[in-house]
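# Report on the structure
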Amino acid sequence: MSASDTTRSYLDYGHSALRRWMLTREMAIVALLVLVVIVSCFTVPYYADKMTIYYLCQNMLPNLMIALPMALVMIAADIDVSVGSMVGLSCSLLGLLYAAGVPFVLAMLIALAVGAVGGFLNGWLVTRINLPALAVTIGTMAMFRGIAVGMLGTRTITNFPASWTAVAQWEIGSTGIPVTMLVFVALLVAFIALLHFTSFGRGVFAIGLNKQAAAFAGVNVRRTRLILFTLTGVVSALSGVYWTLLYSTARGDVGSGLELQVIAAVVLGGVSVFGGRGAIHGVVAGVLLIGALTSALQLTGVTAEVINIITGVLLIGSVLVAAFTPWLRDKRPHTATEKGGTQP
């Protein structure tokens, strides 16, 4: 990564804070999201229907939740591809425990605890054994999925408590927005505060830019990375619990391929694949953009294969834009004032 992509000069502050905030990759994704939604509302049948919004929110909720800790992990220049398998593991474990007679609330807490342990394992292997995050999480992805499928086999557990499964079906008034979105809103506020308004969050950015420099600056690099992986495991397990409540079903193959969807949305939302850059509002916009675009294409009869191609092109385009933006900024003409001279 070039230095121009991660450092700022005095020229970067030559405009107002509002202009600097608006002219970012994250806000470009937000603008594209708004454009897609507006165009789809007027051109796609039933797109603005309340039931479409309802099911879209339900389907996107796991991606939205997992994208929050994933963004922090990737800003710290790490990655976790085991999140989809953890969703399946927590779902299978919840079903197995409830079928064995464990009270449902206790079973949910155990599933969340297992998610924390799985995330901690990833973080421990990465920070203490100094193994590459990609290699570690590929291994635990296979391990978590194997345990999930091995516990249930070909069985599918159903008949969960109606008092709990009904919660996943409630909506806020007549808005078409599920009540479960409030869980995401709570997580969103927490992660925004954590990343953008605390010393911990500043440490995450510092680690992504340069781990050694961050350590010399007083950041506890190992502990910070360990916490990030643990948070990712807990939120992934929470998504598995949500999936179980939503469909009143526990299966071992739940969450297959989810990790790729989440990582794609996080990168699309402006998080650098090299670490050190990103914002929560861009990540949320990236997830919503993929979900809104997918919903519109599905309603127009576009096949899943074509949708995947379009999503891939969109992702590649966003990465190319991020790669060329610093180069274009460096090549822009400078005025005499910017060069340090005086104007005639």
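As the structure is a prediction and not an experimental result, all values here were calculated from the model.

## Quick notes on the nonpolar core
Core analysis: the biggest nonpolar cluster contains 82 residues, and Leu68, Phe184, Val266 and Ile280 have the highest contact counts within it. Top contributing element to this core by residue count: helix H3 (residues 50–75), with 15 residues. Those residues within four positions of Val266 in sequence are excluded, and the remaining contacts are Ala67, Met70, Ala71, Met74, Val271 and Val283.

## A closer look at unusual backbone geometry
Even without being glycine, Tyr46 reaches a positive phi, approximately 65°. Position of Tyr46 relative to the elements: it lies in the loop between helix H2 (25–43) and H3. Look at Tyr46 and you get exposed, because its relative accessible area is 66%. Phi at Asn159 takes a positive value of approximately 60°, unusual for a residue other than glycine. Tracing the backbone through its elements, the reader meets Asn159 in the loop between helix H6 (133–152) and helix H7 (162–165). Residue Asn159 is classed as exposed on the basis of its relative accessible area, which comes to 64%.

## Quick notes on helix H13 (residues 280–299)
Across its 20 residues, H13 extends 29 Å between first and last C-alpha, which sits within 8% of the 28 Å expected from 1.5 Å per residue. The buried count for H13 comes to 16 of 20 residues, which makes it a mostly enclosed element. Gly301 occupies a position one or two residues after H13 and carries a positive phi of about 90°.

## A closer look at the pattern of salt bridges
This structure, assessed with the given rule, holds 3 salt bridges. When the shortest N-O distance is used, the salt bridge between Arg277 and Glu26 registers 2.9 Å. With Arg277 in the loop between helix H12 (258–268) and H13 and Glu26 in helix H2, this pair connects stretches of sequence that are 251 residues apart. Taking relative accessible area as the criterion, Arg277 reaches 27% and is therefore assigned partly exposed. On the accessibility criterion, Glu26 (5% relative accessible area) is buried. Ionic pairing is found between Arg225 and Asp78, a salt bridge with its closest N-O pair at 2.9 Å. Highlighted residues: Arg225 in helix H11 (residues 221–247) and Asp78 in the loop between H3 and helix H4 (83–99), separated in sequence by 147 residues. A residue is classified by how much of its surface remains accessible, and Asp78, at 9% relative accessible area, is buried.

Conventions and cut-offs
Residues numbered from 1 in each chain as written. Predicted model: local features only at pLDDT ≥ 70, side-chain atom pairs only at ≥ 80, totals over all residues. Heavy atoms only, no water. Core = buried A, V, L, I, M, F, W, Y, C linked by side-chain atoms within 4.5 Å. Buried < 20%, exposed > 50% of the residue type's maximum accessible area, 1.4 Å probe, protein only. Helix = DSSP H or I, 4+ residues; strand = E, 2+ residues; numbered from the N terminus. Contact = heavy atoms within 4.5 Å. Expected span 1.5 Å × (residues − 1). Salt bridge = Lys/Arg side-chain N within 4 Å of Asp/Glu carboxyl O.

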